[in-house]
Amino acid sequence: MKFLDLAKVYIRSGGGGAGCVSFRREKFIEYGGPDGGDGGRGGDVWAEAVEGLNTLIDFRYQQHFFAKSGQHGMGSQMTGKSGDDIVLRVPVGTEILEEDEETVVADLTEPGQRVLLAKGGNGGFGNLHFKSSTNRAPRNANPGLAGVERTLWLRLKLIADAGLVGLPNAGKSTFLAAVSNARPKIADYPFTTLHPNLGVVGIDGHEFVMADIPGLIEGASEGRGIGDRFLGHIERSATLLHLVDGTSEDVAGDARTVLTELEAYSPVLMAKPRVTALNKIDALDDETIAERKAQLEAEIGTPVMLMSAVAKQGVTDVLRALWSRIQPTRHQDSNDDVDAPWRP
Ligand SMILES: Nc1nc2c(ncn2[C@@H]2O[C@H](COP(=O)(O)OP(=O)(O)OP(=O)(O)O)[C@@H](O)[C@H]2O)c(=O)[nH]1
Ligand SMILES: [Mg+2]
């Protein structure tokens, strides 16, 4: 199964710079003594959880993170410059795993939480360090320590704020593609979507994550179709969007099928705030729209919104309706703590 929220990264900390062998050479100063400086420390590689990120998509484009090595030591007791550290900025909730994809290295659950993934190598001592009463002109210096190389997985347990449900072909993927950065497969046959797709949706300056999952059919809870196993992905969502295909002859029956499966899967899912929309109204005349809207409302007992994912008609209102149900579940907007005092 493919997840948008899994990324493989290759990291390497910088090696330490070598220590230097050098002697003080100045006019009129005989036997100037050793003055080789130490090598600089190599850069570390860190990961830090930051607010405001929702996906690991950036790591699709950049997978290699190599910190710079420290500079070699120099004469006149000059220490080499340290290599700069690298910080991988990841969304809050990212788990970092070893290459085996099982061993957990770190679980970054708090904004600002940092973990050292690869420590930079220490620089080597220059010959100044080896001066002693018995050896006043040492000709030895240490090489720097090598950097550490690791292959790691980043895994984000994305909690979709909104989950899309509906029969196959209702237009769930079309809707996700119309309102987010996600590019799910769309086609005119059922079960086009075989794995969940996640997209980040922007509305009125807010962002939320929406999940498109495979369509449900009657008996999905008993494993028919591709079953209800994907409902787990939207179990923790704040709200659901139930899309009903307006071109169907039996919109009430279609909606009933979906709600029956939700109920069978979990009453928790059934009890979530839900927005229902009649989709594909671009393909219908006004009379049919009004008729089917009324049939649907009679079946589910709540107001139904009208929408066309293809014509992008009514989608903003649907997004606003979703956001108004998501907003109360957010502890605070990430912008709220911009002025919070800095604490070490
Ligand atoms: N006319 C019209 N067609 C639509 C609209 N939305 C989706 N469709 C079409 O309906 C078909 C199914 O769309 P999908 O987005 O793949 O449907 P889905 O609900 O994701 O289907 P599954 O992944 O199989 O569950 C495609 O041919 C879409 O072009 C709409 O608003 N108007
Ligand atoms: Mg789909």
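The structure this text deals with has already been given above.
This is a predicted model, so every value here is computed, not measured.

What counts and what doesn't
Residues numbered from 1 in each chain as written. Chains lettered and ligands numbered in written order. Predicted model: local features only at pLDDT ≥ 70, side-chain atom pairs only at ≥ 80, totals over all residues. Heavy atoms only, no water. Pairing = 2+ DSSP bridges. Helix = DSSP H or I, 4+ residues; strand = E, 2+ residues; numbered from the N terminus. Axes fitted to C-alpha atoms, helices over the stretch in contact; angles between N-to-C directions. Near = heavy atom within 4 Å. Polar contact = N/O pair within 3.5 Å; in protein donor to acceptor, adjacent residues only side chain to side chain. Areas by Shrake-Rupley, 256 points an atom, 1.4 Å probe, with all protein chains shown as cover. Nonpolar A, V, L, I, M, F, W, Y, C, P; charged D, E, K, R; others polar. Buried < 20%, exposed > 50% of the residue type's maximum accessible area, 1.4 Å probe, protein only. Contact = heavy atoms within 4.5 Å. Core = buried A, V, L, I, M, F, W, Y, C linked by side-chain atoms within 4.5 Å. Salt bridge = Lys/Arg side-chain N within 4 Å of Asp/Glu carboxyl O.

What to know about the sheet that holds strand β4 (residues 86–91)
Spatial ordering of the open sheet is given by β4-β2-β7, a layout of three strands whose pairing is mixed. A single partner strand is all that each edge strand has here, and the edge strands are β4 and β7 (114–118). Between one strand axis and the next, the sheet turns by 30° as a mean value, whatever way the strands run.

Observations regarding the site of ligand 1
Near ligand 1 lie 23 residues; those nearest to it are Lys172, Thr174, Phe191, Thr193 and Asp282. Contact between ligand 1 and glycine 171: an oxygen atom at 2.9 Å from a main-chain N or O atom of the residue. Side-chain polar atom of asparagine 279 to an oxygen atom of ligand 1: 3.2 Å apart, as the coordinates give it. Out of a free accessible area of 650 Å², ligand 1 has 88% covered by protein chains. It is helix α2 (residues 172–179) that provides the largest number of residues to the shell around ligand 1, a total of three residues. Of the residues contributing to the shell around ligand 1, the split by class is ten nonpolar, nine polar and four charged.

Digging into α2
Among the eight residues that make up α2, seven are buried, leaving the element largely enclosed by the rest of the structure. Among the residues of α2, Lys172, Ser173, Thr174, Phe175, Leu176, Ala177 and Val179 are the ones counted as buried. Looking at the packing, one finds that the buried side of α2 touches β9 (162–166), β10 (197–203), β11 (206–212), β12 (239–245) and α6 (315–326).

Description of the environment of glutamine 62
In this fold, glutamine 62 is placed in the loop between α1 (58–61) and β3 (64–66). Residues glutamine 62 and asparagine 279, 217 residues apart in the sequence, show an inter-C-alpha distance of 38 Å. A polar side-chain atom of glutamine 62 sits 3.2 Å from the main-chain carbonyl oxygen of histidine 64.

Remarks on the side chain of aspartate 161
Structurally, aspartate 161 can be placed in the loop between β8 (149–156) and β9. Its relative accessible area of 13% is what places aspartate 161 among the buried residues. Dropping the residues within four chain positions of it, aspartate 161 is found in contact with Phe208, Val209, Ser237, Ala238, Thr239, Ile326 and Arg330.

Overview of the nonpolar core
Phe175, Phe208, Met210, Leu241 and Leu322 are the most contacted members of the largest nonpolar core, which has 25 residues in total. Discounting chain neighbours no more than four positions away, the residues touching leucine 322 are Ala162, Phe208, Met210, Thr239, Leu240, Leu241 and Val275.

As for the pattern of salt bridges
With the rule as written, the count across this model stands at twelve salt bridges. Across the pair aspartate 245 and lysine 280 runs a salt bridge whose closest N-O atoms are separated by 3.1 Å. Taken together, the residues aspartate 245 in strand β12 and lysine 280 in the loop between β13 (274–279) and α5 (286–300) connect sequence positions 35 residues apart. By relative accessible area, lysine 280 is classed as partly exposed at 23%. Through salt bridges that share partners, Arg41, Asp44 and Asp85 make up one connected network.

Just distances and angles here, no functional claims.
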